Amino acid sequence: MKKTFYILALAFLGFASCNDGDPFNGQGMRPSLPGVSEAEIVGVQEAKYEPRFSELYLYWKPVAEELKASFLGTEVTFVTHSGKPLTTNIMRDKNFPQGYERIAVATKDISSVIYRSIWRNEKGEQIFSDYCKLKDLGLDIKNVNIGPDETFTTMHMPEWKETNEHVGTPASDLYYQVVGNPPYSYYEESLKILCGAMWFNENDPYRQLVEMDCWFKKTNDPGIVAYVTGSGNTTIICIGQEAVEGLIGKPISEARAEIDGVCYHELTHTMQVNNLNAADEFNKQCFVEGGADASRLICGGFSEAQRLARAKIAVAKKEDQTENPKQAPHPWLEAYDPSGFFIAWLRRYDGDFWRKFNYSSQLITSGWTFEAAVKLIFADNTTVAADIAAENCKNDILRGLWRVYKKDVESETVSE
Ligand SMILES: [Zn+2]
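Residues numbered from 1 in each chain as written. Predicted model: local features only at pLDDT ≥ 70, side-chain atom pairs only at ≥ 80, totals over all residues.

## Quick look at the overall build of the protein chain
Link 1 in the chain: Helices and strands together make up the secondary structure of the protein chain, namely 13 helices and 14 strands.
Link 2 in the chain: Here the C-alpha radius of gyration of the protein chain, 22 Å, is about what a compact globule of 416 residues would show, namely 22 Å.
Link 3 in the chain: Taking the principal axes of its C-alpha atoms as reference, the protein chain extends roughly 70 × 50 × 45 Å.
Link 4 in the chain: By the burial criterion, 41% of the 416 residues in the protein chain qualify as buried.
Link 5 in the chain: Sequence separation of 24 or more characterises 70% of the internal contacts of the protein chain that already satisfy a separation of 6 or more. (Helix = DSSP H or I, 4+ residues; strand = E, 2+ residues; numbered from the N terminus. Rg over C-alpha atoms; globule rule 2.2 N^0.38 Å. Buried ≥ 20, exposed ≤ 12 C-beta atoms within 10 Å, placed from the backbone. Contact = placed C-beta atoms within 7 Å.)

Okay, structure coming up:
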């Protein structure tokens, strides 16, 4: 049975593509478990790269029907977004069958990627295939805009409307310079990009909007840059006139980056499931507002300098606070960028983390918490288990991961 598959794999990959033993010598990389070279490697059918999200997708060649149940997952070694080598195992999980046919790897360095397949043998033990360096496969890896080009090409679009209370003013002119007039195709494209980041494909429970009214109005509150609201079947996205007025005179690239970023955040709210059953208000805010900033970051709505400056502020906070009951008890539960950037960072362990995070709202139908979502998504991830154990947080997964995050952020510098 295995023999057949081995021959097939060789036919596709050729001998040269796969290396025996440990290819990490001298590279500071480590396999998560001692290498066992007796199982076959699952071949890569196709690889695609999403430059906006800095995510690589490896689509597997078909695995013979009788072997499918034994194909447990993939161990992948690569350089993370912060430039450090990491080995993680991304397991095939019946909770997330959308991820069966491929894995996503959060990296900017495709040439760093090495993987091996994880199987279950007759005794029920995990065994590993030989390693394969992606760059040795000679694949033609194309850049794709995953949402608009691949996963959300035919997504349901609302009927569009527009309400602009400031037509003809300099702020309105700047708004239109960025979003177009009317702004509908801008919003359609942004929604597809965003859904490509948030969800696996159109079968996922993104929200099918009936009518969307794009407002350009004053928010009459200096603290509110933009918002999403609704009335009956109409969803309203309001970009605040005051915020755009504040961008007049700045370089157009800067104004564009800010408006794009604000739109990604707000549009995330229009696509978030509305049936989240959260355990408490902090976890709800982490999902809703942390999630919107995670989306904004992943879609490129914050510069690297902005990301790092905010992340450094977040990780400098103390782990526990009980003085103010209105404030989140831990920084990882704090709404907006503290939890949001942490969520985006968790893609290092599984490039589909953000997609699985959103989908977790369908699997944890009562009392959703960030912790329950992370436990579900990383249930079989030995790297996560080892990382939190090294932080003495075996039974406190978010605290443990936050400490790893803190070290990673503190080690980063950005020249921009
Ligand atoms: Zn928001």
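## Points about the domain arrangement of the protein chain
Link 1 in the chain: Taken domain by domain, the protein chain holds domain 1 (2-144), domain 2 (149-271) and domain 3 (281-411).
Link 2 in the chain: Taking only C-alpha atoms, the centre of domain 2 and the centre of domain 3 are 26 Å apart.
Link 3 in the chain: Each side of the interface is counted separately: domain 2 has 15 residues, and domain 3 has 15 residues.
Link 4 in the chain: Of all the secondary-structure elements, those providing two or more residues to the side of domain 2 that touches domain 3 are helix H4 (184-198) and helix H6 (252-271).
Link 5 in the chain: In terms of residues, the side of domain 2 that touches domain 3 owes the most to one element, H6, which gives 7 residues.
Link 6 in the chain: Split by residue class, the side of domain 2 that touches domain 3 holds 9 nonpolar, 4 polar and 2 charged. (Domains from an automatic or database assignment. Nonpolar A, V, L, I, M, F, W, Y, C, P; charged D, E, K, R; others polar.)

## Re the sheet that holds strand E6 (residues 102-106)
Link 1 in the chain: Taken in spatial order, the 4 strands of this open sheet run E6-E3-E2-E10, and their pairing is mixed. The open sheet terminates on both sides in strands that have one partner only, identified here as E6 and strand E10 (142-143).
Link 2 in the chain: The sheet contact formed by strand E3 (residues 55-60) and E6 spans 5 bridges and is antiparallel. Bridge pairing in E6 links Tyr 57 to Ala 104. (Pairing = 2+ DSSP bridges.)

## Here's the deal with the sheet that holds strand E14 (residues 234-240)
Link 1 in the chain: Spatial strand order, E11-E12-E14-E13: 4 strands in an open sheet with mixed pairing. Among the strands making up the open sheet, the edge pair consists of strand E11 (159-164) and strand E13 (226-231). Adjacent strand axes in the sheet meet at a mean angle of 20 degrees when their direction is disregarded. (Axes fitted to C-alpha atoms, helices over the stretch in contact; angles between N-to-C directions.)

## Looking at helix H11 (residues 370-377)
Since the α-helix packs 3.6 residues into each turn, any two residues three or four apart lie on the same face.
Link 1 in the chain: Buried within H11 we find Phe 370, Ala 373, Val 374 and Ile 377. Along the axis of H11, the buried residues cluster in a sector spanning 95 degrees; they form a single face. (Arc of directions from axis to C-beta.)

## Looking at unusual backbone geometry
Working note: non-glycine residues mostly have negative phi, and peptide bonds are mostly trans.
Link 1 in the chain: The omega torsion of the bond from Asn 181 to Pro 182 falls at 0 degrees, within 30 degrees of zero and hence cis.
Link 2 in the chain: In this fold, Pro 182 is placed in the loop between helix H3 (170-179) and H4.
Link 3 in the chain: Located in the positive-phi region is Tyr 336, a residue other than glycine, with phi close to 65 degrees.
Link 4 in the chain: Classification of Tyr 336 as buried rests on a count of 20 C-beta atoms within 10 Å.

## What about the packing of helix H8 (residues 304-315) against helix H13 (residues 397-411)?
Link 1 in the chain: At their nearest, the axes of H8 and H13 sit 9 Å apart, and the two run at 135 degrees to each other. By the angle between their axes, H8 is oblique relative to H13. The element H8 and its partner H13 pack so that their crossing is left-handed. Here Ala 311, Lys 312 and Val 315 of H8 come into contact with H13, specifically with Tyr 405, Lys 406, Val 409 and Glu 410. (Parallel < 35°, antiparallel > 145°, perpendicular 65-115°, else oblique. Left-handed = near helix turned anticlockwise from the far one by under 90°.)

## What to know about the nonpolar core
Link 1 in the chain: Core analysis: the largest hydrophobic core is formed by 68 residues, its most contacted members being Leu 194, Cys 195, Ala 197, Ile 298, Phe 342, Ala 344 and Trp 354.
Link 2 in the chain: Built from parts of two domains, this core gets at least three residues from each of domain 2 (149-271) and domain 3 (281-411).
Link 3 in the chain: Once you skip the residues sitting within four places of it in the chain, Cys 195 turns out to touch Gly 147, Phe 152, Met 155, Tyr 206 and Met 271.
Link 4 in the chain: Membership of the second largest hydrophobic core comes to 27 residues, among which are Ala 39, Val 44, Leu 56 and Tyr 115. (Core = buried A, V, L, I, M, F, W, Y, C linked by C-beta atoms within 7 Å.)

## Structural notes on the environment of His 166
Link 1 in the chain: Note on placement: His 166 falls in the loop between E11 and H3.
Link 2 in the chain: When the 16 C-beta atoms within 10 Å are taken as the criterion, His 166 is described as partly exposed.
Link 3 in the chain: Each C-alpha atom, one on His 166 and one on Lys 217, is 7.0 Å from the other, the two residues being 51 residues apart in sequence.

## Digging into H13
Link 1 in the chain: For H13, which comprises 15 residues, the first-to-last C-alpha distance of 21 Å matches the rise-based estimate of 21 Å (1.5 Å per residue) to within 8%.
Link 2 in the chain: The set of residues buried in H13 consists of Leu 398, Gly 400, Leu 401, Trp 402, Tyr 405, Lys 406 and Val 409.
Link 3 in the chain: As for H13, its buried residues are in contact with H8, helix H9 (337-345), H11 and helix H12 (382-390). (Expected span 1.5 Å × (residues − 1).)

## Some details on the confidence of the model for the protein chain
Link 1 in the chain: On average, residues of the protein chain score 91 in pLDDT, and 90% of them reach the 70 mark or higher.
Link 2 in the chain: Low pLDDT, under 50, characterises residues 1-36; the predicted model gives this stretch 57 contacts beyond four residues in sequence or across chains. (pLDDT = per-residue confidence, 0-100.)

## Structural notes on the pairing of strand E4 (residues 71-79)
Link 1 in the chain: Bridge count for E4 against strand E7 (residues 114-120) is 6 bridges, and the pairing is antiparallel. What sits directly across from Gly 73, in E7, is Ile 118.
Link 2 in the chain: The pairing of E4 with strand E5 (residues 85-91) spans 7 bridges and is classified as antiparallel. Directly across from Thr 74, in E5, lies its bridge partner Ile 90.

## Side note on the environment of Val 63
Link 1 in the chain: Relative to the assigned elements, Val 63 resides in the loop between E3 and E4.
Link 2 in the chain: The contact partners of Val 63, leaving out residues within four places of it in the chain, are Val 42, Lys 68 and Phe 71.

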